[in-house]
Amino acid sequence: MQPLYKHYLKIIKNTCTGHEEPVTIPSEELADLARLAEEHCTVPFVLSSFRGTPFYPSMLQRTRSMMLNYYQIDQFTRHTVSLLEDNGIDCILLKGISLASCYPVPEYRKLGDLDLYISRKSDVSKAQRLLESHGYIAENELSDHHLTYHYTFPKTGRRFLLELHYRVVGMYQYERANEIVNQVYSFENLIPVSQTINDFTYSVLPPSEYVFYMIHHMLKHYLYSGFGIRLLCDFTFYLRKHADEIDFHKIHNWCQDSRISHLYEIVLETCRIYFGLPQHIDSRVHYDPQDCKEFLIRVLKDGDMGTDVSSELVGSTSYQKVNLITYFKEGHVQMKIRFPKASRCPVFWPVLWCVTFLCFIRNTYKIRNTTLRQTLHNFKKSNQKTKLIRIFDNSDS
């Protein structure tokens, strides 16, 4: 790992543990460190290392802007949740100021949009009508798990983004993972808990379900849009605060059934090694330190999260090699996902393969807005990511 990453991670670990181990930053690294902190939305954490340098004024201003944004998002969250709940629509706050409250300084946690989850399906359409009648403007966005709105406060002109979730995360190619997510976060099974933030009480996910959600949220961003150190900080702070309330046996079972155990294990061990997560938290789970190192380097290179547009084709598993046989295997899996009943009869397979391929071609050009060649190239590239965390693979678990 290059010295820049080591120095940056030492600073982040100090933040996560509350320790003040001195970190000396060579002058030739300062510009790159400032850029890295900006890319990962962690400028406040490294700010003290830049005192007396030409970078300090701009980074201080960036920190102040993040703190101001925290209180603006807090106001927007309170405004939106109040509107829904006053009209009999229950919603669950995801991430945002809920996770920020686990940080030593909540205002230092970068906030973007507001994510709310409505578990009762019949309430989603009611929420749409209510929001649109109160100035929330619907945006056209390709998503299989949320509706997007923007809202502008009349007095200030400040504009904010709301993602109204009807599923906590998007759909996977691996159907069993979808089934587990649907089951865990269904209206019938999910019992929210209360969290008071800045004198306002919200409904949030229970601790075990919260951790499982964070793992899936990491997975989606890892595969599609950049992961970001911020998610590992979230995970570390949340587990440190709520470890005694989390049913790790449940999480193990859910991850095993979803075939994402490797991701949970590599994230947990990475947070222990590099972010100071206490060893006693889920102490029976470990992962290869070298794989953790490679995983973290990839996260550092990817930068913070982008928009999860799911424009890439992510496979139903990870492959050791990607060739024509691989594409055929993946196509066969997609055929079974698209035609679950008809695919049980092998005699229909040739026709179903052709229909699946035609649908794939249509989606490539109409939805992904790219070419067949580029889509297959991206598939091969994303497979390198899935190989590291062996996504949808419990072969040695």
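1. Here we look at the overall build of the chain
Regarding its fold elements, the chain presents 15 helices and seven strands. With 397 residues in all, the chain has 53% of them scored as buried. Sequence separation of 24 or more characterises 66% of the internal contacts of the chain that already satisfy a separation of 6 or more. Working note: accessible area of the chain is about 18,800 Å², and carbon and sulfur atoms make up 53% of it.

2. Some remarks on the environment of Gly-96
By the secondary structure assignment, Gly-96 is in the loop between strand 1 (92-94) and helix 5 (97-100). Sequence separation between Gly-96 and Thr-77 is 19 residues; the distance between their C-alpha atoms is 9.0 Å. Among all residues touching Gly-96, those that are not within four sequence positions of it are Arg-109 and Leu-111.

3. Brief notes about the pairing of strand 2 (residues 114-117)
Side-chain alternation along strand 2 places Leu-114 and Leu-116 on one buried face and Asp-115 and Tyr-117 on a second face that is also buried. The pairing of strand 1 with strand 2 spans three bridges and is antiparallel. Each residue of the ladder has a partner; that of Leu-94, found in strand 2, is Asp-115.

4. Structural notes on the pairing of strand 7 (residues 200-204)
The alternating pattern of strand 7 places Phe-200, Tyr-202 and Val-204 on a buried face, while none of Thr-201 and Ser-203, on the opposite face, is buried. Bridging between strand 6 (residues 193-197) and strand 7 involves five bridges; their strand directions are antiparallel. In the sheet register, Thr-196 faces strand 7, and the bridge partner there is Thr-201. Hairpin connection between strand 6 and strand 7: a loop of two residues separates the two successive antiparallel strands, and Asn-198 in this loop has a positive phi of roughly 50°.

5. Notes on the packing of helix 7 (residues 175-184) against helix 10 (residues 248-258)
Between helix 7 and helix 10, whose axes approach to 8 Å, the crossing angle comes to 145°. Side by side, helix 7 and helix 10 meet where Arg-176, Ala-177, Ile-180 and Val-184 of the first sit next to Trp-254, Asp-257 and Ser-258 of the second. Residue composition of the contact of helix 7 with helix 10, grouped by class: four nonpolar, one polar and two charged.

6. Observations regarding helix 9 (residues 229-242)
Across its 14 residues, helix 9 extends 20 Å between first and last C-alpha, which sits within 8% of the 20 Å expected from 1.5 Å per residue. Across the 14 residues that make up helix 9, a large majority, 12, are buried. Restricting attention to buried positions, one finds in helix 9 the residues Ile-229, Arg-230, Leu-231, Leu-232, Cys-233, Asp-234, Phe-235, Thr-236, Phe-237, Tyr-238, Leu-239 and His-242.

7. Considering the pattern of salt bridges
Under the criterion given, the structure shown has 11 salt bridges. The closest approach of N and O atoms between Asp-234 and Arg-109, which form a salt bridge, is 2.5 Å. In this pair, Asp-234 sits in helix 9 while Arg-109 sits in the loop between helix 5 and strand 2, placing the two residues 125 residues apart along the sequence. For Asp-234, a relative accessible area of 2% corresponds to the buried category. For Arg-109, a relative accessible area of 5% puts it in the buried group. Residue Arg-272 pairs with Glu-269 through a salt bridge whose shortest N-O separation is 2.6 Å. Here Glu-269 and Arg-272 lie together in helix 11 (residues 261-275), a separation of three residues that amounts to about one turn.

8. Concerning the packing of helix 1 (residues 3-17) against helix 9
Between helix 1 and helix 9, the least distance of the axes is 10 Å, while the angle of their chain directions is 30°. Between helix 1 and helix 9, the interaxial angle falls into the category roughly parallel. Classified by chirality, the crossing of helix 9 by helix 1 is right-handed. Counting all contacts with helix 1, which are made through Tyr-8, Leu-9, Ile-12, Thr-15, Cys-16 and Thr-17, the residues of helix 9 involved are Ile-229, Cys-233, Thr-236, Phe-237 and Arg-240. A breakdown of the residues in the contact of helix 1 with helix 9 according to their chemical character gives seven nonpolar, three polar and one charged.

9. Re the confidence of the model for the chain
Of the residues in the chain, 86% reach a pLDDT of 70 or more, and the chain-wide mean stands at 86. Note on residues 306-319: pLDDT under 50 across the span, and 55 contacts to partners over four residues away in sequence or across chains.

10. What about the side chain of His-165?
Structurally, the position occupied by His-165 is in strand 5 (residues 159-165). Here the side chain of His-165 touches Val-168 through a polar contact of 3.5 Å, landing on its backbone oxygen. Among residues more than four places away in sequence, those in contact with His-165 are Leu-94, Asp-115, Leu-116, Tyr-117, Ile-118, His-145 and His-146.

11. What to know about the environment of Cys-16
Checked against the element boundaries, Cys-16 lands in helix 1. Assessed through its relative accessible area of 3%, Cys-16 is described here as buried. Spatially, the C-alpha atom of Cys-16 lies 7.1 Å from that of Cys-233, the residues being 217 residues apart in sequence. Setting aside anything within four residues of it in sequence, one finds Cys-16 in contact with Cys-233, Thr-236, Phe-237, Arg-240 and Phe-275.

About the thresholds
- Residues numbered from 1 in each chain as written.
- Predicted model: local features only at pLDDT ≥ 70, side-chain atom pairs only at ≥ 80, totals over all residues.
- Heavy atoms only, no water.
- Helix = DSSP H or I, 4+ residues; strand = E, 2+ residues; numbered from the N terminus.
- Buried < 20%, exposed > 50% of the residue type's maximum accessible area, 1.4 Å probe, protein only.
- Contact = heavy atoms within 4.5 Å.
- Areas by Shrake-Rupley, 256 points an atom, 1.4 Å probe, with all protein chains shown as cover.
- Pairing = 2+ DSSP bridges.
- Axes fitted to C-alpha atoms, helices over the stretch in contact; angles between N-to-C directions.
- Nonpolar A, V, L, I, M, F, W, Y, C, P; charged D, E, K, R; others polar.
- Expected span 1.5 Å × (residues − 1).
- Salt bridge = Lys/Arg side-chain N within 4 Å of Asp/Glu carboxyl O.
- Parallel < 35°, antiparallel > 145°, perpendicular 65-115°, else oblique.
- Left-handed = near helix turned anticlockwise from the far one by under 90°.
- pLDDT = per-residue confidence, 0-100.
- Polar contact = N/O pair within 3.5 Å; in protein donor to acceptor, adjacent residues only side chain to side chain.

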